[in-house]
Amino acid sequence: MSEIKSVAVAGASGTLGPHVLKALIDANFQVTVLTRAAKPGAYDTSVKVVEVDYTSVDSLTAALKGIDALVSAVGHGATESQTILIDASVAAGVKRFIPSEYGSVSTNSKLETFPIYAPMFKIKHYLQEKAKAGKLTWTVLACGGFLEFLFGQPFLLDFANHKANLFDEGDNRMTSTSLPNVGKAIASILKNAKATENKIVRISEVIVTQNGLLKIAEEVRPDIKWEISKVPTSAILKQGLDGVAAGDFSMPTVMKILTGTVAAGDTYGAAYDETDNELLGIKEFSEEDLKKLVAEKLA
Ligand SMILES: NC(=O)c1ccc[n+]([C@@H]2O[C@H](COP(=O)([O-])OP(=O)(O)OC[C@H]3O[C@@H](n4cnc5c(N)ncnc54)[C@H](OP(=O)(O)O)[C@@H]3O)[C@@H](O)[C@H]2O)c1
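Note that residues are indexed from 1 along each chain, following the sequence as it is written. Thresholds applied to this predicted model are a pLDDT of at least 70 for local features of residues and 80 or more for the giving and counting of side-chain atom pairs; totals over whole chains, interfaces and linings are not thresholded and use all residues. Only heavy atoms go into the side-chain values, all of them from the structure, while hydrogens and water stay out.

S.K.: I'd like to hear about unusual backbone geometry, residue by residue, with values.
M.R.: For residues besides glycine, phi is generally negative; the peptide bonds are generally trans as well. Backbone geometry places Tyr 102, a non-glycine residue, at a positive phi of 45°. With relative accessibility at 6%, the residue Tyr 102 sits in the buried group. In this structure, His 162 takes a positive phi of about 55° despite not being glycine. What counts as a helix is a DSSP run of H or I of at least four residues, what counts as a strand is a run of E of at least two, and both are numbered from the N terminus. One can find His 162 in the loop between helix H5 (147-152) and strand E8 (163-167). Only protein chains enter the accessibility calculation, which uses a 1.4 Å probe; a residue whose area is less than 20% of its type maximum is buried, one above 50% is exposed, and one in between is partly exposed.

Shown next as structure tokens:
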């Protein structure tokens, strides 16, 4: 496959998108942003911005002419509609497609029929079909939970109120990667197009457990007394699945399915022992890095 030079990003204005954009610009790709509505001044001046209609293959195909790779970072609600983006990519001659997924356990086949994960599998299968027909190539990036999410809200530990609601016994392992490193890995995938062709690649900046974090917290702030409780992840998952089965697709219900799978440790493969960190240039946390992060959260 010839070198990838021009890259389009769909969904560049969300949580992950700006980090993808920065990494692609830093890696000297020519970048085009696809957006539903241009936001003046939102992007670096080197970036070309094109307004598109995500429901129209023609609109997207026109925007993708001359583009070598498409990175999708559209929000979760738009996952399934990426089939249109894939059709347009094929029509425009885009060589590599990276779908919006960037999950923790979303590549685990045990979850293929689960609500919230099923659309991601649908997109992976659609890409596999296109690749088999020689129409384009794909890469799925699995990165674990975004570090900023796992530490920025009371998920693993409630750092602000010194509470820990342990999932199962608190020893479930979870991979996590920061948003800048997810962006960096995406740029590296495109720089290493052959080695990442038609594959799921995994990155993991750090593998954490709640008990491990508590131990560090007690070491860096022995003065803090933690209030501990426990909750089985199987019960959280059941509540979420029962809710969806009863027609409740609200965010709290969806979050229960997410938590019941992502926080279940090795049950759904949330910790990546084998990674593509080296290929993609992702540096892992040292014990000192993790200690520093916990100390900052408790300062
Ligand atoms: N591993 C984790 O912990 C984790 C956490 C959160 C998210 N994620 C994943 O990361 C990816 C990006 O998530 P995000 O939170 O950054 O997304 P987001 O902020 O919700 O949305 C990203 C962008 O997608 C575009 N968009 C939104 N709805 C759309 C629609 N219906 N059709 C087309 N475009 C739409 C918008 O861009 P424009 O307005 O410019 O069109 C929006 O700014 C998703 O795949 C998500 O599942 C992973």
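S.K.: Which residues make up the sheet that holds strand E7 (residues 145-146), and what values do they have?
M.R.: If you walk across this open sheet you meet the 3 strands as E7-E9-E11, and the pairing is mixed. Each end of this open sheet is capped by a strand with a single partner; those strands are E7 and strand E11 (206-208). Pairing between strand E9 (residues 174-177) and E11: 3 bridges, direction antiparallel. Following the sheet pairing, Met 174 is matched in E11 by Val 208. We treat two strands as partners when DSSP finds at least two bridges between them.

S.K.: Account for the site of the ligand, naming residues and giving values.
M.R.: For each residue, the test is whether any non-hydrogen atom lies within 4 Å of the molecule or strand; if one does, the residue is near. Near the ligand lie 21 residues; those nearest to it are Ser 13, Leu 16, Thr 35, Ser 100 and Phe 146. Relative to its free-state accessible area of 920 Å², the ligand is covered by the protein chains to the extent of 77%. The classification used treats Ala, Val, Leu, Ile, Met, Phe, Trp, Tyr, Cys and Pro as nonpolar, Asp, Glu, Lys and Arg as charged, and all other residues, Gly among them, as polar. Residue composition of the shell around the ligand, by class: 8 nonpolar, 10 polar and 3 charged. Areas reported as accessible are Shrake-Rupley estimates using a 1.4 Å probe. Residue values count occlusion only from the protein chains shown.

S.K.: Help me get a handle on the pattern of salt bridges, residues and values and all.
M.R.: Salt bridge criterion: a side-chain nitrogen from Lys or Arg within 4 Å of a carboxyl oxygen from Asp or Glu. By the definition in use, this model includes 14 salt bridges. The residue Lys 194 makes a salt bridge to Glu 197 at a minimum N-O spacing of 3.3 Å. On the basis of relative accessibility, which here comes to 21%, the residue Glu 197 falls in the partly exposed class. Here Glu 296 ties to Lys 292 by a salt bridge, and the two come within 3.8 Å at their closest N and O atoms. Note that Glu 296 and Lys 292 are positioned in helix H11 (residues 287-297) at a spacing of 4 residues, about one turn of the helix. Note on Lys 292: relative accessible area 54%, which makes it exposed. Within this structure, Arg 173, Asp 266 and Asp 273 form a network of salt bridges that share partners.

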